[in-house]
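# Chains, contacts and geometry: an overview
So you can see what is in the structure, the chains are spelled out below.
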Amino acid sequence: MSTTSSRKKDHIDLCVNEQVSFRAKTNGLEEWEFAHNALPELNSEDIDTSVSFLGHTLSYPLIISGMTGGYGEAVSINGALAEAAEDLRLAIGAGSMRQALENDEYHESYTILRRNAPTVPILANIGAVEVAVMEDATPAQFLVELVEADALVVHTNPLQEFLQPEGEARFRGVIEGLAMLVRSLEVPVILKEVGAGISREAAMRAHEVGVQWIDVAGAGGTSWAGVEMLRRKDGCEISPAFWDWGIPTAHALEQLRINRPEDMHIIASGGITDGVMIAKCLALGADLAASARPLLEALKDGGVDRLRHRLCGWKRDLLGVMFLTGAANIDELRRKPIFNRDHE
Ligand SMILES: Cc1cc2nc3c(=O)[nH]c(=O)nc-3n(C[C@H](O)[C@H](O)[C@H](O)COP(=O)(O)O)c2cc1C
């Protein structure tokens, strides 16, 4: 197995079998609370949780974040995730598609997404490290076509690359690379972290070169520093401070909540574990939420049925918050007041 394939396998194995959550930090969403509406003046069956995303209607605003591809077992994992996405009408991302640029051995692990999810948005995925040295958009266009993607996610992961045993902490040229992709691709480019968060300043720099979608992928869920620290075998003692490094999801959202450019759209992820959290993210300014490891865990625990149950539970949670705050649709929910307990 190539280095890229065996890394993707390690990532799934560690995320399923080891404790890889943040240890000393949460995603900050517990600090926020909606005001309960004792007189909602609406019937729960009239509430509409749907949103439009990249020209498709989702049953509720959730993306199954990109996790895997590029080795044998990834075919069944992506196949099952895509099946659930199609059933529930949710968007779904491919994991990093770097391996698909190396050879065609595991192309099926990516193409299964469109096969099993023919009518929902699919997001192709490549790393900022690759983008920083990409001379033109040909490889990115190839990845978009391979999965018939509706957008390309560029994952920026400096912390992960820095700690990864075989990592490439080389980001010089990344902004120019993003600008080139925005100019050349017909699909939107989504800039996404992997669990350390995107600050307002970084989001604005990406926006200046035309990136209109930011997935903050904040701290508080899966620690990718943690995953890579578990993979290191060099005996070098890395500070545990890195395990918990990053901007919590709620704090990243707060930074982008006010005075952001009208054409900058926000995806909230990092430690999303129920539909109440999704609702809070929307009230904090996000257009959609996304989740990775909690969905993989459901799949590993009880197959696609368990995953479906988790996803339909999250929709039910979201509906509950909408009912209890008197929001008839997602736009109304996004305008509902939300209070920070620590600031009161
Ligand atoms: C097993 C696994 C593999 C992942 N691989 C990728 C990847 O290839 N590309 C990417 O952009 N993000 C990847 N991620 C990161 C997630 O998309 C997400 O940003 C991060 O895990 C934080 O979300 P969570 O707290 O819901 O897990 C992966 C996550 C998991 C759990």
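## Focus on the nonpolar core
Where a protein is soluble and globular, its nonpolar side chains tend to be buried together. Judged by nonpolar contacts, the single largest core of 112 residues is most densely connected at V154, L181, I214 and L311. The element best represented in this core is helix 13 (residues 293-325), accounting for 12 residues. Aside from chain neighbours lying at most four places away, what touches I214 is L191, I198, A203, A206, M264, H265, I266 and I267.

## A short note on the packing of helix 2 (residues 74-88) against helix 13
Direction vectors running N to C along helix 2 and helix 13 enclose 5°, while the axes themselves pass 9 Å from each other. The orientation of helix 2 with respect to helix 13, classified from their angle, is roughly parallel. Note on element contacts: helix 13 touches helix 2 through L296, L299, K300, V304, L307, R308, L311 and C312, opposite I77, A80, L81, E83, A84, D87 and L88.

## Some points on the site of the ligand
Every one of the 25 residues lining the ligand counts as a neighbour, but K8, S96, K192, T222 and G271 are closest to it. Interatomic distance of 2.6 Å between a side-chain N/O atom of K8 and an oxygen atom of the ligand. Within the backbone of A292, an N or O atom sits 2.9 Å from an oxygen atom of the ligand. Contact with the protein chains removes 98% of the 610 Å² of surface that the ligand exposes when unbound. If you list the elements that add at least two residues to the shell around the ligand, you get helix 1 (3-17) and helix 13. Examining the composition of the shell around the ligand, we find that four residues originate from one element, helix 1, more than from any other.

## Some words on the sheet that holds strand 10 (residues 265-268)
On the basis of which strands lie adjacent, the closed barrel formed by eight strands has the order 4-5-6-7-8-9-10-11 and parallel pairing. The sheet shows a mean angle of 30° between the axes of neighbouring strands, taken without regard to direction.

## Considering helix 10 (residues 224-231)
Burial analysis of helix 10 places seven of its eight residues in the buried class, which makes it a mostly covered element. Considered for burial, the residues of helix 10 that qualify are W224, A225, G226, V227, E228, M229 and R231. Of the surrounding secondary structure, the elements contacted by the buried residues of helix 10 are helix 1 and helix 7 (158-163).

## Let's talk about helix 12 (residues 275-283)
At 3.6 residues per turn, the α-helix brings residues three or four places apart onto the same side. Counting buried residues along helix 12, eight of its nine residues qualify, which places the element largely inside the surrounding structure. What helix 12 keeps buried is the set G275, M277, I278, A279, K280, C281, L282 and A283. At the N-terminal end of helix 12, a side-chain oxygen is found 3.0 Å from the backbone nitrogen of V276, two or three residues along, and the residue is D274.

About the cut-offs
- Residues numbered from 1 in each chain as written.
- Predicted model: local features only at pLDDT ≥ 70, side-chain atom pairs only at ≥ 80, totals over all residues.
- Heavy atoms only, no water.
- Core = buried A, V, L, I, M, F, W, Y, C linked by side-chain atoms within 4.5 Å.
- Buried < 20%, exposed > 50% of the residue type's maximum accessible area, 1.4 Å probe, protein only.
- Helix = DSSP H or I, 4+ residues; strand = E, 2+ residues; numbered from the N terminus.
- Contact = heavy atoms within 4.5 Å.
- Axes fitted to C-alpha atoms, helices over the stretch in contact; angles between N-to-C directions.
- Parallel < 35°, antiparallel > 145°, perpendicular 65-115°, else oblique.
- Near = heavy atom within 4 Å.
- Polar contact = N/O pair within 3.5 Å; in protein donor to acceptor, adjacent residues only side chain to side chain.
- Areas by Shrake-Rupley, 256 points an atom, 1.4 Å probe, with all protein chains shown as cover.
- Pairing = 2+ DSSP bridges.

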